[in-house]
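# Examination of the molecular architecture
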Amino acid sequence: MIKVMSKNVIVTGGSRGIGEAIVKLLAESGYNVILNYNKSEDLANNIKDELKNEGYNIEIFKADVSKREDCKKLVEYSIKKFGEIDILINNAGISQVKLFTDLTDDDWNNMMQTNLNSVFYMSQEIAHHMIQRKKGSIINISSVWGIVGGACEVHYSASKSAINGLTKALAKELGPSNIRVNAIAPGIIDTDMNKGFTVEEMEELKEEIPLGKIGKPIDIAKCVKWLVEDEFTTGQVISPNGGWIII
Ligand code: NAP
């Protein structure tokens, strides 16, 4: 039997890594979930089958969130499917390690389109709907590099820093409409995004972290779930990072 709960959520980039953990935790907690994916269609289908077999309510939708038109279609599909959307998790993102002096315009623009403009497009498309309903919650997945900056990831750091600024400003603008906007800025999390690091490099990183461990996608999913359920937090950038960055 489908376990139906009243709250409906869109998770962008839900096919792998942190997004997959968010999709699973929220679906298993009774939320109706739209999983957005772009390239990983098989993975998205597997997650859908697994969760549906367990009786949870999930649909998948292909959209490249770096494109306005795709974001529009994703939001339209989601509203049509579930009637209304309560929560948007802007999680989709890319990273690239490159010297600042080697960055091309394409590198820069691709990073901004995918990490930052996607948040603008998705949040704006859903804001019209949420303002009408006078309720909603938007959670943006940022990064510690958006707070302290990461060498050889200037464009990534800039995109995440801009997300933090967007989050704070939008929280002020949408607060009177009873819409909360927050960001989560994870430290290092064990996903494909970090598969470029050697085992030795990961060990070195671990030593820099007071809790002595690399985060897991579920650590971020639990923070998302807490923020989704909270009713008084808005405009905040929360950083689950094992104590790596303390500000
Ligand atoms: P990941 O394992 O590489 O997964 C990235 C996800 O984003 C995939 O589901 C991918 O979907 C999706 N995606 C990428 N471009 C997209 C696009 N144009 N349209 C739609 N979906 C797109 O990365 P992750 O580590 O889970 O990262 C998730 C978020 O956390 C990102 O915003 C990242 O910047 C942030 N973050 C990660 C870490 C970390 O250490 N891992 C730390 C701080 C912040 P497809 O495969 O279907 O294309």
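These remarks concern the structure in this document. (Residues numbered from 1 in each chain as written. Predicted model: local features only at pLDDT ≥ 70, side-chain atom pairs only at ≥ 80, totals over all residues. Heavy atoms only, no water.)

### Concerning the site of the ligand
- Near the ligand lie 31 residues; those nearest to it are S40, D64, N91, Y156 and T191.
- At a separation of 3.1 Å, an oxygen atom of the ligand approaches a polar backbone atom of G13.
- Taking S40, its side chain carries an N or O atom lying 2.6 Å from an oxygen atom of the ligand.
- In the shell around the ligand, the residues fall into 12 nonpolar, 14 polar and 5 charged. (Near = heavy atom within 4 Å. Polar contact = N/O pair within 3.5 Å; in protein donor to acceptor, adjacent residues only side chain to side chain. Nonpolar A, V, L, I, M, F, W, Y, C, P; charged D, E, K, R; others polar.)

### Looking at a negative patch on the surface
- A cluster of acidic side chains, namely E200, E201, E204, E207 and E208, defines a negative patch on the protein surface.
- Summarising the element assignment, E201 is placed in helix α7 (residues 199-208).
- E201 gets classed as partly exposed once you look at its relative accessible area, which sits at 34%. (Patch = residues over 30% accessible without salt bridge, like charges linked within 9 Å, V, L, I, M, F, W, Y side chains within 5 Å. Areas by Shrake-Rupley, 256 points an atom, 1.4 Å probe, with all protein chains shown as cover. Salt bridge = Lys/Arg side-chain N within 4 Å of Asp/Glu carboxyl O. Lys, Arg positive; Asp, Glu negative; His and termini not counted. Charge placed at Lys NZ, Arg CZ, Asp CG, Glu CD. Helix = DSSP H or I, 4+ residues; strand = E, 2+ residues; numbered from the N terminus. Buried < 20%, exposed > 50% of the residue type's maximum accessible area, 1.4 Å probe, protein only.)

### Looking at unusual backbone geometry
- In this structure, K134 is a non-glycine residue whose phi angle is positive, near 55°.
- Structurally, K134 is set in the loop between α4 (105-133) and β5 (136-141).
- Accessibility expressed as a relative area gives 48% for K134, which makes it partly exposed.
- With a phi close to 65°, C152 is a non-glycine residue in the positive phi region.
- Examined against the element boundaries, C152 turns out to sit in the loop between α5 (145-148) and α6 (154-174).
- Note on C152: relative accessible area 30%, which makes it partly exposed.

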